[in-house]
Amino acid sequence: MNCLEKRILRDGVVKPNNVLKVDSFLNHQMDVQLLDEIGAEFHKRFADCNITKILTIEASGIAIACSVARCFNVPVVFAKKSKSINIDGDVYVAEVESFTHKCKNQVVISKSFLNKDDRVLIIDDFLANGCALQGLISITESAGASVEGIGIAIEKGFQIGGTIIRNLGYRLESLAIVDEMDAEKGSVRFREQG
Ligand code: G4P
């Protein structure tokens, strides 16, 4: 069991409707030492990819992305969520639907910060239905850059996102894959990973 899985068992809280709260260490209060361990692990897994940029989406992806970026010594770019329809031609745009929040957001990245020579590692805290990830992939490809890999802290293996992204052929690594959780018992079952 890795450090993130151990921490989820210790401090994660299973809520009804298959929501896992990790806000005491990952996405509200943040344990920076844990973030650094996560960064080092992604660095190890994608060390062969000549990554030039870490890409994430606001808000909760940013902290993890920064830890990863420090290990690769490359910049982080985060997609901004925007409700604005006045988007000019200087940005790449993708539409992202949130099933959890039942809303649509446009996410944007300035064309100045992503170009065809970039080899991108996409990082995020959660993968559920994969909409955010598909938006980031679409933006990367609009820029002519390549998606070298995708690193997720917590994948909810019983939701569809991981299957969609793997079937599209992307190299997706999730540090903890939750296959089952039970709010009444407070239990979490992780997928065994080699
Ligand atoms: P998707 O991005 O994979 O399609 O998932 P979905 O629309 O279902 O998720 C919407 C938001 O809820 C995402 O954050 C996602 O990270 C988060 N989320 C999904 N499942 C869980 C969960 O079990 N626990 C927690 N804590 N978060 C979950 P977001 O809207 O982009 O918000 P934020 O990054 O600004 O926090």
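Relevant structure appears above.
Residues numbered from 1 in each chain as written. Predicted model: local features only at pLDDT ≥ 70, side-chain atom pairs only at ≥ 80, totals over all residues. Heavy atoms only, no water.

(A) Structural detail: the sheet that holds strand S5 (residues 91–98). The 8 strands are arranged S5-S6-S4-S3-S7-S8-S9-S10 in an open sheet whose pairing can be described as mixed. In the strand order of this sheet, the two ends are held by S5 and strand S10 (187–190), each with one partner. Across this sheet, the average inter-strand angle for adjacent strands is 30°, counted without regard to direction. As judged from the 4 bridges shared by strand S3 (residues 53–57) and strand S4 (residues 76–82), these two strands associate in the parallel manner. Residue Ile54 lies in a different strand from S4, and its bridge partner there is Val76. Across the sheet, helix H4 (residues 131–142) lies against S3, S4, S5, strand S6 (103–110), strand S7 (119–127) and strand S8 (146–156), angled at about 165° from S5, the strand it touches most. (Pairing = 2+ DSSP bridges. Helix = DSSP H or I, 4+ residues; strand = E, 2+ residues; numbered from the N terminus. Axes fitted to C-alpha atoms, helices over the stretch in contact; angles between N-to-C directions. Contact = heavy atoms within 4.5 Å.)

(B) The site of the ligand, seen in detail. The environment of the ligand is made up of 22 residues, and the closest members are Leu20, Ser60, Thr100, Gly130 and Cys131. Cys131 places a polar main-chain atom, nitrogen or oxygen, 2.7 Å from an oxygen atom of the ligand. Contact with the protein chains covers 83% of the free accessible surface of the ligand, which is 710 Å². Among the cavities detected, the one that contains the ligand is the largest pocket. (Near = heavy atom within 4 Å. Polar contact = N/O pair within 3.5 Å; in protein donor to acceptor, adjacent residues only side chain to side chain. Areas by Shrake-Rupley, 256 points an atom, 1.4 Å probe, with all protein chains shown as cover. 1 Å grid on protein atoms, 1.4 Å probe; cavity = no way out; pocket = protein on both sides within 12 Å on 5 of 7 lines; lining within 4 Å. Sits in = over half its atoms within 2 Å of the grid points.)

(C) Broad picture of the packing of helix H2 (residues 32–45) against helix H3 (residues 61–72). The geometry of H2 relative to H3 is characterised by a closest axis approach of 8 Å and an angle of 55° between their N-to-C directions. Considering the angle they form, H2 stands oblique to H3. Taken as a pair, H2 and H3 cross one another with a handedness that is right-handed. Contacts between H2 and H3 pair Leu35, Asp36, Ile38, Gly39, Ala40, Phe42 and His43 from the former with Ala63, Ile64, Ser67, Val68, Arg70, Cys71 and Phe72 from the latter. Split by residue class, the contact of H2 with H3 holds 9 nonpolar, 3 polar and 2 charged. (Parallel < 35°, antiparallel > 145°, perpendicular 65-115°, else oblique. Left-handed = near helix turned anticlockwise from the far one by under 90°. Nonpolar A, V, L, I, M, F, W, Y, C, P; charged D, E, K, R; others polar.)

(D) Layout of the layout of surface pockets. If you add up the space inside the largest pocket, you get close to 970 Å³. Lining the largest pocket are 36 residues; nearest its centre among them are Ser98, Thr100, His101, Asp125 and Phe126. Per element, the largest residue contribution to the lining of the largest pocket is 4 residues, and it comes from S7. Considering only residue class, the lining of the largest pocket consists of 16 nonpolar, 12 polar and 8 charged. Of the voids in this model, the second largest pocket is the one considered here, and its volume is about 220 Å³. Along the walls of the second largest pocket sit Met1, Asn2, Glu5, Arg45, Ser174, Leu175, Phe190, Arg191, Glu192, Gln193 and Gly194, which together make up its complete lining. Within the lining of the second largest pocket, the residues separate by chemical class into 3 nonpolar, 4 polar and 4 charged. (Points joined across faces, edges and corners; volume = space filled by probe spheres on them.)

(E) Expanded view of H4. Taking 1.5 Å per residue as the helical rise, H4 with its 12 residues ought to reach 16 Å, and the 16 Å between its terminal C-alpha atoms agrees with that figure. Turning to H4, its buried residues number three or more, namely Cys131, Leu133, Gly135, Leu136, Ile137, Ile139 and Thr140. (Expected span 1.5 Å × (residues − 1). Buried < 20%, exposed > 50% of the residue type's maximum accessible area, 1.4 Å probe, protein only.)

(F) Quick look at the environment of Glu173. Secondary-structure assignment places Glu173 in strand S9 (residues 172–182). Put simply, Glu173 and Ile8 are 165 residues apart on the chain and 17 Å apart in space, counted from C-alpha to C-alpha. Leaving out residues up to four positions away in the same chain, Glu173 has contacts with Phe42, Arg45, Phe46, Ile150, Gly151 and Ile152. A polar atom in the side chain of Glu173 sits 2.8 Å from the side chain of Arg45.

(G) Structural context of H3. With 12 residues, H3 ought to run about 16 Å at 1.5 Å a step, and its terminal C-alpha atoms sit 17 Å apart, in line with that. Restricting attention to buried positions, one finds in H3 the residues Gly61, Ala63, Ile64, Ala65, Ser67, Val68, Ala69 and Phe72. Residues of H3 that are buried sit in contact with H2, S3, S4, S7 and S8. Note on H3: the residue one or two positions beyond its end, Asn73, has a positive phi of about 60°.

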